[in-house]
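Residue-level listing of the chains:
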Amino acid sequence: MTSPPGGGTRRRRPVAVPLAILAIATGLGITAALGGFAEAPKEPPKQLGPGAAVDQKLFLTKFVASRTVFQPDEYGGEGKRFLEVELEVTNKGDRTEGVGSPGQGGKQGLLYGKSLLKMTPEITNEFGPISMIIDEGVPSQQLHPGMTSAVVFRYELAQGQQAPENVTFDVGVFDPDPDSVTGADLGLILESESDAKGAPPKVEAKVTLPVQRGEAG
Amino acid sequence: MSTVTPSTVTPGRPGTTAPRPATRPPGRLRRAGAVIAGIALAAAAVAVQAAALEQEDLVGNLTWTGRRGDEVVASRFSARVTGVHGAKSIQTTDAADKVEKATTPGIFVVVEVGATAHREPQRFGPPVLLAGDGKRYTATDKVKSSLTITEPYIQPGWWSESVAVFEVPVAALTGSRIVLGPKQGLIGETYLPEVEIDLGLDDAGTQSLISQAEDVYPLGGRK
């Protein structure tokens, strides 16, 4: 069974390595030709109007209406005027979440409210918007799983400030299963534009609501 | 044969035919053995991965379970559920006699609970209703926490009785349990004790809870 010295049989050519190199080169060439490893361009956010529903993965949000409201002062002062946005929010997750509040001035909001990423034109004041669920006698701040709640965000208008004709909200999406290195509970996390660190939150939809004029004008 | 040891074998040298048959078979056997050992190691690694702790096991609470009516003894406190009621609305009266009535698109569940501490006074965090499908409903904020079991310090030596109030869809009732544990401190503590008490809502129990739900359940006010 020993081969004769000198190697009489044909030497097998080592083809595996050149073939593999060729295959890799071809694959890389095709990848490069198709645009490389950069992420495919995103779909632009949907443009929606009043009554539209946005699937935020952990929540389903219907943008009902926007209006101006006047809140008289209990003690005979001038009262306050608000721009009010009404939403119908269904919690599709598996635990109770807080309404929180939308951010303002480029700062991120809290809990559910932070998914309203941006308001155009923005109405800012010292304390930020007021948020509540008011349709059931006693105001609440909770979104229970499987339940739909009427959430109201109120933006206070300054003295003499006119409410805009329309407001547009950039709406984000929550990550249903955020990565947690330590295993700790991260709570509500927005999905980002890309995987890069510090990437801005992804804008799923832009919802424009006409502002109905209430008694506050 | 007896003089040949593996270290002295030089396979490239022709003419020394005697060691060849002796060394070849061990080489093949060894290779097969290495393959088998590799597969075994890989399989063992996969098996160990499958046995890795879930997140719940790593950071979750220590849970003592029981049923409605039982006295469930946890490490720092004992708790029991003495009654479960359904309600369509809840009317609360605060210390200033201000009356508020809360309604819900679902149903309110009022759980009567009692608790006593073993050594040190305890204070409960917000109770959770754990539905049959695993969804977690935090106690409703439509009832002020001062009217519920989260208000009193649970002292050793006697039982404190109060309620926990939840707002849930009707579908969440069957198979639900109440989860009660001490308030989490500013620095999160792992392995907090908690009790999980089955509310005893089987299909029939759910039906009777819904049909006997009170229109207005009063809470608070002067007794």
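Residues numbered from 1 in each chain as written. Chains lettered and ligands numbered in written order. Predicted model: local features only at pLDDT ≥ 70, side-chain atom pairs only at ≥ 80, totals over all residues. Heavy atoms only, no water.

Draft legend 1. Local environment of the overall build of chain B. Per the secondary structure count, chain B includes three helices and ten strands. Beginning at the N terminus, the succession of helices and strands in chain B can be written as α-α-β-β-β-β-β-β-β-β-β-α-β. For chain B, with 223 residues in total, the buried portion stands at 35%. By sequence separation, contacts in chain B at least 24 residues apart represent 73% of the contacts at least 6 residues apart. (Helix = DSSP H or I, 4+ residues; strand = E, 2+ residues; numbered from the N terminus. Buried < 20%, exposed > 50% of the residue type's maximum accessible area, 1.4 Å probe, protein only. Contact = heavy atoms within 4.5 Å.)

Draft legend 2. Structural context of the sheet that holds strand β9 (residues 193-198) of chain B. Residue and element names in this part refer to chain B. Sheet architecture is open: five strands sit in the order β1-β9-β8-β5-β6, paired in mixed fashion. Of all strands in the sheet, those with a lone pairing partner are β1 (62-67) and β6 (136-138), marking the two edges. Going across the sheet, the axis of each strand differs from the next one's by a mean of 25°, ignoring polarity. The sheet contact formed by β1 and β9 spans six bridges and is parallel. Residue pairing across strands places R67 opposite D198, the latter belonging to β9. (Pairing = 2+ DSSP bridges. Axes fitted to C-alpha atoms, helices over the stretch in contact; angles between N-to-C directions.)

Draft legend 3. Here's a closer look at the environment of W159 of chain B. Residue and element names in this part refer to chain B. Within the secondary structure, W159 sits in the loop between β6 and β7 (160-168). Taking relative accessible area as the criterion, W159 reaches 25% and is therefore assigned partly exposed. On a C-alpha basis, the gap between W159 and A79 in space is 8.7 Å, while along the polypeptide they are 80 residues apart. Apart from residues lying up to four places away in sequence, W159 is in contact with E71, S78, A79, R80, G114, A115 and T116.

Draft legend 4. Here's a closer look at the nonpolar core. In this structure, V81, V111, F166, V168, I178, V195 and L199 of chain B are the most contacted members of the largest nonpolar core, which totals 32 residues. Elements represented by at least two residues in this core include exactly β3 (77-93), β4 (99-117), β7, β8 (177-180) and β9 of chain B. Broken down by element, the residue count for this core peaks at six residues, all from β4 of chain B. Discounting chain neighbours no more than four positions away, the residues touching V168 of chain B are M147 of chain A together with G106, I107, V109, L129, Y137 and L173 of chain B. Judged by nonpolar contacts, the second largest core, of 30 residues, contains L58, L116, V151 and V171 of chain A. (Core = buried A, V, L, I, M, F, W, Y, C linked by side-chain atoms within 4.5 Å.)

Draft legend 5. Fine view of the pairing of β8 of chain B. Residue and element names in this part refer to chain B. Judged from the three bridges that link them, strand β5 (residues 128-130) and β8 form a sheet pairing that is antiparallel. In the strand pairing of β8, L130 is matched with R177. Pairing of β8 with β9, which is carried by four bridges, proceeds in the antiparallel orientation. Paired with V179 across the two strands is E196, which belongs to β9.

Draft legend 6. Seen up close, a nonpolar patch on the surface. Residue and element names in this part refer to chain A. A cluster of nonpolar side chains, contributed by V15, L19 and L22, occupies part of the molecular surface with about 300 Å² of accessible area. Positionally, V15 belongs in the segment before α1 (16-33). A residue is classified by how much of its surface remains accessible, and V15, at 49% relative accessible area, is partly exposed. (Patch = residues over 30% accessible without salt bridge, like charges linked within 9 Å, V, L, I, M, F, W, Y side chains within 5 Å. Areas by Shrake-Rupley, 256 points an atom, 1.4 Å probe, with all protein chains shown as cover. Salt bridge = Lys/Arg side-chain N within 4 Å of Asp/Glu carboxyl O.)

Draft legend 7. Just the side chain of R81 of chain A, in detail. Residues and elements named next belong to chain A. Relative to the assigned elements, R81 resides in strand β4 (residues 80-91). Comment: no salt bridge for buried R81; closest opposite-charge side chain is E78, at 8.2 Å. Within the local environment of R81, its side chain forms a polar contact with the backbone oxygen of A158, the two atoms lying 3.2 Å apart. For R81, the side chain forms a polar contact with the main-chain oxygen of Q161, separated by 2.5 Å. (Lys, Arg positive; Asp, Glu negative; His and termini not counted. Polar contact = N/O pair within 3.5 Å; in protein donor to acceptor, adjacent residues only side chain to side chain.)

Draft legend 8. The arrangement of the interface of chain B and chain A in detail. Every contact between the two is made by 22 residues of chain B and, on the other side, 19 residues of chain A. Looking only at chain B, the three residues that lose the most surface to chain A are K135, D141 and K142 of chain B, adding up to 28% of its buried area. Linking chain B with chain A are zero salt bridges. Counting across the interface, chain B meets chain A through eight residue pairs in polar contact (both at pLDDT 80 or more). Breaking the side of chain B that touches chain A down by element, the ones donating at least two residues are α2 (55-59), β4, β6 and β7 of chain B. (Buried area = accessible area lost by both parts, 1.4 Å probe.)

Draft legend 9. Geometry of the packing of aromatic side chains. In this structure the tally under the stated criterion is five aromatic pairs over all chains. On the basis of an interplanar angle of 70° and a centroid distance of 4.9 Å, the ring pair of F59 of chain A and Y112 of chain A is categorised as edge-to-face. Here the residue F59 of chain A occupies a position in strand β3 (residues 59-71), and Y112 of chain A occupies one in the loop between β5 (97-98) and β6 (116-120), the gap between them amounting to 53 residues. A relative accessible area of 0% places F59 of chain A in the buried class. Taking 5.0 Å as the distance between ring centres and 75° as the angle between the ring planes, the aromatic pair formed by F77 of chain B and F124 of chain B counts as edge-to-face. Residue F77 of chain B is located in strand β3, and its partner F124 of chain B is located in the loop between β4 and β5; the two are separated by 47 residues in the primary sequence. Each member of the pair, F77 of chain B as well as F124 of chain B, carries the same accessibility label: buried. Across from the ring centre of F82 of chain A, 5.6 Å away, lies the NZ or CZ of R154 of chain A, which sits over that ring. A cation over a ring is seen here: R80 of chain B above W159 of chain B, with NZ or CZ 3.8 Å from the ring centre. (Phe/Tyr/Trp six-rings, centres within 6.5 Å; stacked < 30°, edge-to-face > 60°. Lys NZ or Arg CZ within 6 Å of the ring centre and 35° of its normal.)

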